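Residue-level structural notes
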Amino acid sequence: MFHMGWFMGTGFGVYNWNQRWSGNVSSDVGNPQLFVDMATSLERAGFSYMMLEDSSVLPNVHRGTFESSVKNGGTIRFDPVPLIPFLTQATKNIGIVATISTSFYHPFMAARLFSTLDHVTNGRVGMNLVTSSNKSAMQNYGLKDLIPHDERYDRANEWVDVVKALWNSWDEDAVLMDEVNGVFADHTKVHTVDFEGKYYRSRGPLNTIPGPQRHPVICQAGGSDAGREFGARNADTIIAAVKGVEEMKSYRDDVSARMIAMGRDPKDVKVLFLISPVLADSKAAAEEKNAAMLKASAENIDAQVAGFSYFTSTDWSKYDYDEPFPDLSKNEGHQSTMNDFARSGATIREAVTNHRTQESVPLIGTPESIATEMGEYMDYAGGDGFLIAKPVTRQNITEIADGLAPALRKQGLIRPSYEHSTFRDNLLAY
Amino acid sequence: MFHLGWFLSFSTQAWHAPHSDRGGLFPNTDVYVDFARALERAGFDYLMIEDGSFIPDAYGSSMEHSLRTGFASPKHDPMALVPLLAASTEKIGLIATMTTSFYPPFLAARLMTTLDHLSGGRVGFNLVTAHNDRTAQNYGMDKHWDHSERYAIATDWAQAVTALLTSWDEDAVVDDTVNGVYADHTKIHQTDYAGDYFSSRGPLNVPPGPQRIPVICQAGGSPVGRAFASRFADTIVAPSGSIEWMKQYRTDIRAGLVDAGRDPDAVKVLFLTDFIIGDTHEDALELQRRRHAAMVADIEGRLAYMSFASGIDFSTFDLDAPVPPVSTNAAKTTTAQMFAGREHQTLREIASTIIPSLEIVGSPATAADQMEAVMAEVGGDGFLVNSPITPRAIADIAGDLAPELRRRGLIRSEYTADTLRGNLTAY
């Protein structure tokens, strides 16, 4: 058995604005209902979690204007954190992971917020930690310049240490709620943290009581060396974006080796691989659908390139789209992705057209054929599951939750039901 | 007509007191959902969740009293509760406290705009500077900035947040599905805010919510706090006292608004008020007598409260001697109020005396009489109920008192606007 999740590429944002099968998205920007429907559907499908990406910038790198960002709403992202209670109120079991930046949240605020959310969600919340690689985002937070890539991860490691220390500031048996003797908590079991690090300090303790998970689930993505070290050290689940089943296998092996070196049990981290299955009623129909999607993407090349401009803080509109991808190894954000493109020798047009979403293995076919392939890939790679990286539309949700998931379940590949009440326990159940 | 609000904490409520129902199950959130729905039925303008980020340890130089009794701790983050309440209600305003000392302006502006969308325009933020060194130490400082600098920071913060909240013009979202344009990029502007304490490039990466600028609430009573409120606030949490005192307070606030170039009627001043409601007036007086006796009997609780507010450890003082002059960088106004004109009294006398805030005591009918009379005298905009949320308090105030006020035409019979701002400024 493996885990399923959904990677929401623009978080609590706007998906496929004004496109076919996207419902009332034009007027529903900022409305939670699509995501509530998604949560209930994915819970029906037995998903372990849904993960909301995030970003704190409205880019104006591409052509130097905000046009590509707002014309179709594609880079609008609402704060994912306040959406969480809407999703958990409508569900009972599925985990909800929201992205927060270790560069922008003080550890005390993050520890307290997620301790509270752990209560509000009855133990079903997680945080996806990013270090923020975008210069404009840093400037939104008043920081003058980008912190070098590797230092960001040093800071992030320390950030996690403070947060975990604060989550541990109340002993498990500190809260008594002894109504007869009128003792709420035993003060000898609540401790100051007195954290003094290189980047952060916090006295503690938290003034919130531990939630059902005590430590909300920590999720991480980012394939650079520093990113992988961070994931192996701190994460409970890792989002992996690689190409091909061999890379899937080596990624999982790499995470395991790093964990063993750190004294962690590799089973304590679930590595999920991004996929974007193209589903139809027959293999031929799925191929046709895939070809149509590639064609539409190629025709919309400027929007795709705008995404790269944002990704890399470089205005790609000034390059010839039919020249090879330039070397951006000095790029401070998304290093590993950029290196992959430069190595491939593809033109910008080719790289962008074929990029679509991050996709570890191409999956094109019927629910049954794709389920079988997923099982085989997972057997070979030894990973822990997959994350769907398709745009959030009700059509896509239905194809996955009511098409693919039942096929996976029939083959015994995903859970028939949730065994535990908390996200952490369900994630670590197998 | 006047406005009603309820002032609460996301805390233990009266967790082991009589009639506290599920208070003992803190932090079960069902209690808050039931509460918000009851207040909405009653026509309240808003509920306001105060907040703090430390466990008090001034009294006895230990967290013991606070943790043993559940006094002022734990407190959970109200920003996580607001969405749950928004999902469970349709009309009532939801205000949560945010500290200008520790929330980055961009995070604050984006969070509040998101909540504004999620709630259909019903959120507000109560801005505080956070008064305690312990809070500052949790956020990595040795001690808090002094009182006046905290407000200088808050002013810069409010300007930065306002600049971000207005970074999209009102008509930037065109939602033109025929030509495929969601928003007009020429109406979205880089903010480039640069103040003494904060800078932010902007714009926000979210379109404005229904209110664009969520309602701003403020509670400071000091001169700099009032100056801040007169510039930014839409509603003010006012301490209460004698009729004369409240009248003077409101006059001062209105004068400050005029000085700041604002319409004094644009800001709603709600007085924090204790309510004791009985079936009959005599029942209420008996409840009041018992409540006061219990408070006086709990001298330790009184001293702990005084220590909490002032940061001064009153456990080290002689209970039966006059209190030497004290000064504090913490809640200045509250601390000054405790001792004003009482220099000759012993600590025991001061601690045992109920701080003279406004109490409305009576049957629903006699309580309504009193409220009507207070408003006629003071000319204020309404009341903020200061009570833990227990089923009894909800039943008394939202179930008995509010319908009586409504029958008399003293509070709204229905919500006439969709947004908190709209309802708050409807009258």
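Residues numbered from 1 in each chain as written. Chains lettered and ligands numbered in written order. Predicted model: local features only at pLDDT ≥ 70, side-chain atom pairs only at ≥ 80, totals over all residues.

**Some remarks on the overall build of chain B**
When helices and strands are tallied, chain B shows 15 helices and 13 strands. The C-alpha radius of gyration computed for chain B amounts to 22 Å, which stays within 12% of the reference 22 Å derived for 427 residues, consistent with globular compactness. Residues counted as buried form 54% of the 427 residues belonging to chain B. When contacts within chain B are restricted to residue pairs at least 6 apart in sequence, long-range pairs at least 24 apart make up 74% of them. (Helix = DSSP H or I, 4+ residues; strand = E, 2+ residues; numbered from the N terminus. Rg over C-alpha atoms; globule rule 2.2 N^0.38 Å. Buried ≥ 20, exposed ≤ 12 C-beta atoms within 10 Å, placed from the backbone. Contact = placed C-beta atoms within 7 Å.)

**Let's talk about the domain arrangement of chain B**
All names here are of chain B. For chain B, the assigned domains are domain 1 (3-168 + 194-282 + 357-424) and domain 2 (293-352). Distance between the C-alpha centres of domain 1 and domain 2: 25 Å. Counting from both sides, the interface comprises 17 residues of domain 1 and, opposite them, 16 residues of domain 2. Residue classes in the side of domain 1 that touches domain 2 are distributed as five nonpolar, ten polar and two charged. (Domains from an automatic or database assignment. Nonpolar A, V, L, I, M, F, W, Y, C, P; charged D, E, K, R; others polar.)

**A word on the nonpolar core**
Judged by nonpolar contacts, the single largest core of 233 residues is most densely connected at Met50(A), Met51(A), Leu387(A) and Leu47(B). In this structure, Leu47(B) is in contact with Gly5(B), Trp6(B), Leu8(B), Ala36(B), Leu39(B), Ile92(B), Leu94(B) and Ile95(B), ignoring residues within four places of it in sequence. Counting 16 residues, the second-largest nonpolar core is a separate cluster that includes Leu303(B), Ala309(B), Ile312(B) and Leu347(B). (Core = buried A, V, L, I, M, F, W, Y, C linked by C-beta atoms within 7 Å.)

**Description of the interface of chain B and chain A**
Taken together, the contact between chain B and chain A spans 61 residues of the former and 60 residues of the latter. Listed by contribution, the elements that provide at least two residues to the side of chain B that touches chain A are helix 2 (64-69), helix 3 (78-88), helix 4 (105-118), helix 5 (133-138), strand 6 (181-183) and strand 8 (199-200) of chain B. Per element, the largest residue contribution to the side of chain B that touches chain A is eight residues, and it comes from helix 4 of chain B. In terms of residue class, the side of chain B that touches chain A is made up of 31 nonpolar, 22 polar and eight charged.

**Things to note about the packing of helix 6 (residues 149-167) of chain A against helix 7 (residues 225-234) of chain A**
Residues and elements named next belong to chain A. Remark: helix 6 packs on helix 7, axes separated minimally by 9 Å, with the N-to-C direction vectors making an angle of 10°. Taken together, helix 6 and helix 7 sit at an angle that is classed as roughly parallel. Of the residues in helix 7, those in contact with His149, Asp150, Tyr153, Ala156, Asn157 and Val160 of helix 6 are Ala226, Gly227, Phe230, Arg233 and Asn234. Grouping the constituent residues of the contact of helix 6 with helix 7 by class yields five nonpolar, four polar and two charged. (Axes fitted to C-alpha atoms, helices over the stretch in contact; angles between N-to-C directions. Parallel < 35°, antiparallel > 145°, perpendicular 65-115°, else oblique.)

**Description of the domain arrangement of chain A**
Residues and elements named next belong to chain A. Under the domain assignment used here, chain A contains domain 1 (3-148 + 156-166 + 206-283 + 359-427) and domain 2 (284-355). Spacing between the C-alpha centres of domain 1 and domain 2 amounts to 23 Å. Domain 1 puts 23 residues into the contact, and the matching count from domain 2 is 20 residues. Looking at the side of domain 1 that touches domain 2, the elements with two or more residues in it are strand 14 (278-279) and strand 15 (364-365). Residues belonging to the side of domain 1 that touches domain 2 are distributed by class as follows: eight nonpolar, eleven polar and four charged.

**Focus on the environment of Asp150(A)**
All names here are of chain A. With respect to the element layout, Asp150 can be found in helix 6. Under the C-beta neighbour-count criterion, Asp150 is labelled partly exposed, with 15 such atoms within 10 Å. For the pair formed by Asp150 and Gly227, sequence separation is 77 residues and the distance between their alpha carbons is 8.6 Å.

**So, the sheet that holds strand 6 (residues 125-130) of chain A**
With respect to topology, eight strands assemble into a closed barrel ordered 1-3-5-6-11-12-13-16 (chain A), the strand pairing being parallel. Strand-to-strand twist in this sheet, taken as the mean axis angle between neighbours without regard to direction, amounts to 30°. (Pairing = 2+ DSSP bridges.)

**Some details on the pairing of strand 1 (residues 3-9) of chain B**
All names here are of chain B. Where burial is concerned, most of strand 1 is hidden: six out of the seven residues are buried. Where strand 1 lies against strand 13 (residues 382-386), five bridges are found, and the strand directions are parallel. For His3, the partnering residue across the bridge sits in strand 13 and is Gly382. As judged from the five bridges shared by strand 1 and strand 2 (residues 46-50), these two strands associate in the parallel manner. Within strand 2, the residue paired with Ser9 across the bridge is Glu50.

**Observations concerning the packing of helix 8 (residues 245-261) of chain A against helix 13 (residues 367-381) of chain A**
Residue and element names in this part refer to chain A. The interhelical angle for the contact between helix 8 and helix 13, taken along N-to-C directions, is 45°, at an axis separation of 8 Å. In terms of their interaxial angle, helix 8 and helix 13 are classed as oblique. Every pair of crossing elements has a handedness; the one defined by helix 8 and helix 13 is right-handed. Contact with helix 8, carried on its side by Val245, Met248, Lys249 and Arg252, involves Tyr377, Tyr380 and Ala381 of helix 13 and no other residues of that element. The class makeup of the residues in the contact of helix 8 with helix 13 is five nonpolar, no polar and two charged. (Left-handed = near helix turned anticlockwise from the far one by under 90°.)

**Description of the environment of Ser224(A)**
All names here are of chain A. Assignment of secondary structure puts Ser224 in the loop between strand 11 (217-221) and helix 7. The exposure class of Ser224 is partly exposed, given the 16 C-beta atoms found within 10 Å. Ser224 sits 161 residues away from Gly385 along the chain, and the two C-alpha atoms are 21 Å apart.

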